[in-house]
Amino acid sequence: MSEYESTGRTRVRRKPGRGSYDRGLVDRILDEALICHLGFVEDGQPFVTPTIHARVGTKLYLHGSKASRTLQALEGGLDCCVTVTLVDGLVLARSAFHHSLNYRSAMIFGVARRVEDSEEKALALEAVVEHIAPGRSDDARPPSAEELDATEVVALELEEASAKVREGGPIDADADMDRSVWAGQLPLSIAPLQPVAEPDLSPDVELPAYLRDWHRPSSGELPGL
Ligand SMILES: Cc1cc2nc3c(=O)[nH]c(=O)nc-3n(C[C@H](O)[C@H](O)[C@H](O)COP(=O)(O)OP(=O)(O)OC[C@H]3O[C@@H](n4cnc5c(N)ncnc54)[C@H](O)[C@@H]3O)c2cc1C
């Protein structure tokens, strides 16, 4: 199915025209976002933990140390909610009230499972590295058995999700249209600055092409609903 079923939790009520249940759109937002925010309630206390994620097909993988309270809580079968946010630009209206941001965001609900299978765990960790820097896992040493053992990985099935997108210019009130104030959009994107090599790096190790050309997967492309 190319669309998520809208549920009581995922139905976009406020500005529903900006909502989408398109799986491809949710995938693209997840793939472009560097990090997610993972929310859960443990013993009545809400926590929202920023963390790196990686999508492989219909699975979202999260990883961390064995000692991570967040991962331990998830493995206990708690409901969780993952959000990802891409800020695409500032929206500058003629009035303060109508200022906004252009964004693409996604929200996913579910119960994560602990990844036990060492092959799946290794693939998930490779996906995490590739999510951050595509091409990197061909270069960097893969985790040893001890390192794999020290790392916890959980998988969240992408089954219940929604996206919300705002694009375009400000929506000004008619009464403000003649005001002599600049109005429009300031597009934003994640762009790399100059790489900083380790001081003890051997001079014959060159900056790899995948870092020289690093960009987010669809950075700068306009979202399509
Ligand atoms: C951009 C980013 C990416 C990250 N990616 C990962 C990842 O992929 N895997 C991973 O395991 N961790 C990641 N972290 C760190 C993560 O946010 C947690 O700090 C870490 O997972 C420990 O979680 P815990 O539940 O064991 O924290 P604990 O140390 O048990 O949390 C105790 C308290 O410490 C404070 N705290 C914990 N984390 C943070 C935080 N990030 N910012 C401010 N206060 C905090 C809070 O008050 C929290 O209640 C990332 C952090 C950032 C900002």
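1. With respect to the overall build of the chain
For step 1, the next point in the chain: Counting its regular elements, the chain contains five helices and 10 strands.
For step 2, the next point in the chain: Along the first, second and third principal axes, the C-alpha atoms of the chain reach 65 × 50 × 35 Å.
For step 3, the next point in the chain: Of all 225 residues assigned to the chain, the portion counted as buried reaches 36%.
For step 4, the next point in the chain: Summarising the internal contacts of the chain: among those between residues at least 6 apart in sequence, 74% fall at separations of at least 24.
For step 5, the next point in the chain: Roughly 13300 Å² of accessible area belongs to the chain as shown, and the carbon and sulfur atoms make up 55% of that amount.

2. Overview of the environment of D27
For step 1, the next point in the chain: If you trace the backbone, D27 turns up in helix 1 (residues 23-32).
For step 2, the next point in the chain: Counting along the chain gives 20 residues from D27 to T7, while the straight-line C-alpha distance between them is 18 Å.
For step 3, the next point in the chain: Ignoring any residue separated from it by four or fewer positions in sequence, one finds D27 in contact with R55 and L158.

3. Notes on the site of the ligand
For step 1, the next point in the chain: Inspection of the region around the ligand gives I35, F47, T49, P50, T51, I52, H63, G64, S68, R69 and T70 as its neighbouring residues.
For step 2, the next point in the chain: The contact in question runs from an oxygen atom of the ligand to an N or O atom on the side chain of T51, over 3.2 Å.
For step 3, the next point in the chain: At 3.2 Å, a backbone N or O of I52 approaches an oxygen atom of the ligand.
For step 4, the next point in the chain: Coverage of the ligand by the protein chains reaches 45% of its 870 Å² of free accessible surface.
For step 5, the next point in the chain: Elements with a contribution of two residues or more to the shell around the ligand: strand 3 (45-56), strand 4 (59-65) and helix 2 (69-75).
For step 6, the next point in the chain: Take the shell around the ligand: its biggest share by element is five residues, from strand 3.
For step 7, the next point in the chain: When the residues that make up the shell around the ligand are grouped by side-chain class, the tally is four nonpolar, six polar and one charged.

4. Some details on the environment of G168
For step 1, the next point in the chain: The residue G168 is located in the loop between strand 9 (160-166) and strand 10 (184-187) in this model.
For step 2, the next point in the chain: Judged by relative accessible area, which is 27%, G168 ranks as partly exposed.
For step 3, the next point in the chain: Residues G168 and E75 lie 93 residues apart in sequence; the distance between their C-alpha atoms is 41 Å.
For step 4, the next point in the chain: Contact partners of G168, with chain neighbours within four places excluded, come to V91, N102 and Q185.

5. Here's the deal with the pattern of salt bridges
Side-chain pairs of opposite charge can arise where the charged atoms are in close proximity.
For step 1, the next point in the chain: For the structure shown, the criterion picks out 14 salt bridges.
For step 2, the next point in the chain: D172 is the partner of R94 in a salt bridge, and the nearest nitrogen-oxygen pair spans 2.7 Å. With R94 in the loop between strand 5 (79-92) and strand 6 (100-111) and D172 in the loop between strand 9 and strand 10, this residue pair connects regions lying 78 residues apart in the sequence.
For step 3, the next point in the chain: Under the relative-accessibility criterion, R94 is labelled partly exposed at 26%.
For step 4, the next point in the chain: Taking the relative accessible area as the measure of exposure, D172 reaches 13% and is therefore buried.

6. Remarks on the state of the cysteines
For step 1, the next point in the chain: Under the defined criterion, the tally for this structure stands at zero disulfides.
For step 2, the next point in the chain: Of the cysteine sulfurs around C36, a residue in no disulfide, the closest is that of C80, at 9.1 Å.
For step 3, the next point in the chain: For C36, a relative accessible area of 0% puts it in the buried group.
For step 4, the next point in the chain: Just so you know, C81 is unpaired, no disulfide at all, and the nearest cysteine sulfur is the one on C80, 7.5 Å from it.

7. Concerning the confidence of the model for the chain
Regions with low pLDDT carry predicted coordinates that are not meant to be interpreted in detail.
For step 1, the next point in the chain: Per-chain confidence: the chain averages 94 in pLDDT, with 96% of residues scoring 70 or above.
For step 2, the next point in the chain: Note on residues 219-225: pLDDT under 50 across the span, and 16 contacts to partners over four residues away in sequence or across chains.

8. Brief notes about the side chain of E152
For step 1, the next point in the chain: Following the sequence through the fold, E152 ends up in strand 8 (residues 151-157).
For step 2, the next point in the chain: Among all residues touching E152, those that are not within four sequence positions of it are L62, H63, G64, S65, K66, L71, E75 and R114.

Calculation notes
- Residues numbered from 1 in each chain as written.
- Predicted model: local features only at pLDDT ≥ 70, side-chain atom pairs only at ≥ 80, totals over all residues.
- Heavy atoms only, no water.
- Helix = DSSP H or I, 4+ residues; strand = E, 2+ residues; numbered from the N terminus.
- Buried < 20%, exposed > 50% of the residue type's maximum accessible area, 1.4 Å probe, protein only.
- Contact = heavy atoms within 4.5 Å.
- Areas by Shrake-Rupley, 256 points an atom, 1.4 Å probe, with all protein chains shown as cover.
- Near = heavy atom within 4 Å.
- Polar contact = N/O pair within 3.5 Å; in protein donor to acceptor, adjacent residues only side chain to side chain.
- Nonpolar A, V, L, I, M, F, W, Y, C, P; charged D, E, K, R; others polar.
- Salt bridge = Lys/Arg side-chain N within 4 Å of Asp/Glu carboxyl O.
- Disulfide = S-S within 2.5 Å.
- pLDDT = per-residue confidence, 0-100.

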